[in-house]
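Structure at a glance
The residues making up each chain are set out below.
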Amino acid sequence: MNKDEVIVVTGAGGFIGGSLIRYFKEKGFTNLRAVDKKPLYEWYQVVEGAESLCLDVSEYQNCVRAVENAKEVYNLAADMGGMGFIEKNRVECLRSILINTNMIEAAYNAGVDRYFFSSSACAYNTDLQKTPDVIALKEADAYPAMAERGYGWEKLVSEMFCEEYAAERGMKTFIARFHNVYGPFGTWDGGREKAPAAMCRKVISAQDSGNPAMEIWGDGSQTRSYMYIDDCTKGIDMIMHCDELIATPINLGSSELVSVNELVDNVEKVADYKVERSYDLDAPKGVAGRNSDNTFIKKMLNWEPSTPLAEGIAKTYKWISQQYSDRKAGKRTVS
Ligand code: NAD
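One structure accompanies this document, and this report is about it. Here, residues in each chain are numbered from 1, in the same order as that chain's written sequence. In view of the model being predicted, local features appear only for residues whose pLDDT reaches at least 70, and side-chain atom pairs are presented and counted only at 80 or more, with totals across whole chains, interfaces and linings using the full set of residues. Water and hydrogen atoms play no part in the side-chain values, which are based on all heavy atoms of the structure.

**Observations regarding helix α6 (residues 151–169)**
Side chains that are three or four residues apart share a direction in an α-helix, a result of its 3.6 residues per turn. What counts is decided by this rule: For the purposes of this entry, the term helix denotes a DSSP run of H or I that reaches at least four residues, the term strand denotes a run of E that reaches at least two, and both are numbered from the N terminus. Here the expected length of a helix is defined as 1.5 Å per residue gap, with one fewer gap than residues. The cut-offs for exposure are 20% and 50% of the maximum accessible area for each residue type, with area from a 1.4 Å probe on protein chains only; residues under the lower value are buried, those over the upper are exposed, and the others partly exposed. Residue contacts are counted whenever heavy atoms from the two residues lie within 4.5 Å of one another.
In this model α6 runs 27 Å from its N-terminal to its C-terminal C-alpha over 19 residues, within 8% of the 27 Å that 1.5 Å per residue would give. Of the residues making up α6, those classed as buried are Y151, G152, E154, K155, L156, S158, E159, C162, Y165 and A166. Elements in contact with the buried residues of α6: α3 (83–86), α4 (90–95), α5 (97–109), β5 (114–120) and β6 (172–178). G170 occupies a position one or two residues after α6 and carries a positive phi of about 70°.

**Observations regarding the environment of M146**
As for its position among the elements, M146 is in the loop between β5 and α6. Here the alpha-carbon distance between M146 and A123, two residues 23 residues apart in the chain, equals 8.0 Å. In this view, M146 contacts Y124, N125, T126, D127 and W153; residues no more than four positions away in its chain are not counted.

**Quick word on the side chain of N291**
Along the chain, N291 turns up in the loop between β13 (276–280) and α10 (295–301). Apart from residues lying up to four places away in sequence, N291 is in contact with V134, A136, L137, H179, S225, S254, S255, E256 and L257.

**Side note on the pattern of salt bridges**
Here is the rule we go by: Salt-bridge detection follows one rule: a side-chain nitrogen of Lys or Arg within 4 Å of a carboxyl oxygen of Asp or Glu.
This structure, assessed with the given rule, holds 24 salt bridges. As a salt-bridge pair, E26 and R22 come within 4.0 Å of each other at their nearest N and O atoms. Linking E26 with R22, this pair stays in helix α1 (residues 15–26), spanning 4 residues, or about one helical turn. Measuring nitrogen to oxygen at the nearest pair gives 3.6 Å for the salt bridge that ties D141 to K138. By relative accessible area, which is 14% here, D141 ends up buried. Connected through salt bridges with shared partners, the residues R33, E51, R65 and E68 form a single ionic network.

**Things to note about the packing of aromatic side chains**
Where we set the bar: Only centres within 6.5 Å qualify two rings of Phe, Tyr or Trp (six-membered ring in Trp) as a pair; their planes then separate them into stacked at under 30 degrees, edge-to-face at over 60, and tilted for everything else.
Under the counting rule described, the total for this entry stands at 8 aromatic pairs. Taken together, a centroid distance of 5.3 Å and an interplanar angle of 70° make the contact between Y23 and F24 edge-to-face. Of the two residues, Y23 and F24, neither departs from the other in class, the shared state being buried. With a centroid separation of 6.0 Å and an interplanar angle of 70°, the aromatic rings of Y108 and Y165 are classed as edge-to-face. In this pair, Y108 sits in helix α5 while Y165 sits in helix α6, placing the two residues 57 residues apart along the sequence.

**Here we look at the pairing of strand β2 (residues 32–36)**
The line we're drawing: One requirement defines pairing of two strands: DSSP has to find at least two bridges between them. Look down the strands so they point away from you; if going from the first strand over the helix to the second traces a clockwise path, that crossover is right-handed.
The buried count for β2 comes to 5 of 5 residues, which makes it a mostly enclosed element. Residues L32, A34 and D36 line one face of β2 and the alternating positions R33 and V35 line the opposite face, and both faces are buried. For strand β1 (residues 6–10) and β2, the ladder comprises 4 bridges, and the chain directions are parallel. Note that in β2 the partner of V9 across the bridge is A34. You can see the chain leave β1, run along α1 and come back into β2, and the turn it takes is right-handed. Two strands pair when backbone bridges link them, and β2 and strand β3 (residues 51–54) are joined in this way by 4 bridges, in the parallel orientation. Bridging from a neighbouring strand, A34 pairs with S52 of β3.

**Here's the deal with the site of the ligand**
We apply this condition: Working definition: residue near molecule or strand if any one of its non-hydrogen atoms lies within 4 Å of it. All accessible areas in this document rest on Shrake-Rupley with a 1.4 Å probe, and a residue is counted as covered only by the protein chains that are shown. In this count, Pro and Cys sit with the nonpolar residues alongside Ala, Val, Leu, Ile, Met, Phe, Trp and Tyr, while Asp, Glu, Lys and Arg are called charged and the others, Gly among them, polar.
Taken together, 27 residues sit near the ligand, with I16, D36, D56, Y151 and V181 positioned nearest. Protein contact buries 95% of the 820 Å² of open area that the ligand shows by itself. Contributing elements (two or more residues each) for the shell around the ligand: α1, β5 and α6. When residues in the shell around the ligand are grouped by element, the largest group, 3 residues, is from β5. Class assignment of the residues belonging to the shell around the ligand gives a composition of 13 nonpolar, 8 polar and 6 charged.

**Let's talk about the packing of helix α7 (residues 195–209) against helix α9 (residues 260–271)**
Where we set the bar: The angle between two axes is taken between their N-to-C directions and runs from 0 to 180 degrees, where each axis is a line fitted to C-alpha atoms and a helix contributes only its stretch in contact. Roughly parallel here means an angle under 35 degrees, roughly antiparallel means over 145, roughly perpendicular means 65 to 115, and every remaining angle is called oblique. Handedness of a crossing is defined here by the sense of rotation of the near helix relative to the far one, left-handed for an anticlockwise turn of less than a right angle and right-handed for a clockwise turn.
Packing of α7 against α9 leaves a shortest axis separation of 10 Å and a crossing angle of 45°. By the criterion of interaxial angle, the relationship of α7 to α9 is oblique. Note on packing geometry: the crossing formed by α7 with α9 is right-handed. On α9, the residues touching A195, P196, M199, C200, V203 and Q207 of α7 are V260, L263, V264, V267 and A271.

If you want it as structure tokens, here you go:
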């Protein structure tokens, strides 16, 4: 692809979309269009040289504007957050269906060459995720369908849109199921943050206040894998440019499975500080266990996300620490 072709990323005021724009800029692309509904001052990253548009892409006419002259479209816009958000805002999560429905139609009508949809591990059948000793989820495990209520069903139906636009209209669509992405420039406070960022913030705050008490949601035995942001952006690029993956959902996640307690151990190690843990068994905790089976991605791309959790947490912790002190000093911060 020529470096001056138009690449559009929606949700670019958020964590992964903003990082993806930066990734393409660093690769030398010169015609980047970042789109998000938030006002510009709330964007997590505004990448210099990219066209930054504030548009709500749940509305069709805004999608038409967003995809003008585009060669590739990466749809990462969604109303989402960590477990605390998605368990309490199912209607909002379901309403993200409008985003993909309108974006894919506008992209198709504009003759876009390739279209990427960011799905989620929440699309998998929840019946397979009832114990912490999970068998890693492979792509076929989304069916028979019993996705996570709200957010997961929206992702599954949007995947279906991508599959049918390819089958019926010959559009090149690509679908990745992300498993818990974390890293610098991610939401770290305010209710939408995910576990790695929340743990970092809580440890930093405990240390800062001198009160080591820290509450953990659930009993700490829930297991997950966490993918570092640089693996996510690289994986998106590789998936989008692999023709054998047209209309084929694929896992994009780390296969390093840890419990929430082990995640906290990692953060404590980086911080060189021990918290006193208590467990809120009534808090939102999601499924008991979930991991990414990477057999398919390794076969198709000869690659898988591989940043070790300890390494990614060290970078994330450092960034959140800086955000925390900036906020204390009255400076503007992300989230
Ligand atoms: P994020 O919340 O940081 O970014 C999403 C962005 O989309 C936000 O900036 C939001 O303002 C924007 N948005 C929402 N509705 C919009 C609309 N109608 N029009 C324009 N912009 C709109 O989330 P993220 O972590 O960067 O996630 C990006 C994508 O990846 C989402 O589709 C999400 O569901 C998916 N995903 C993320 C994870 C993860 O761990 N972060 C896991 C699985 C899937």
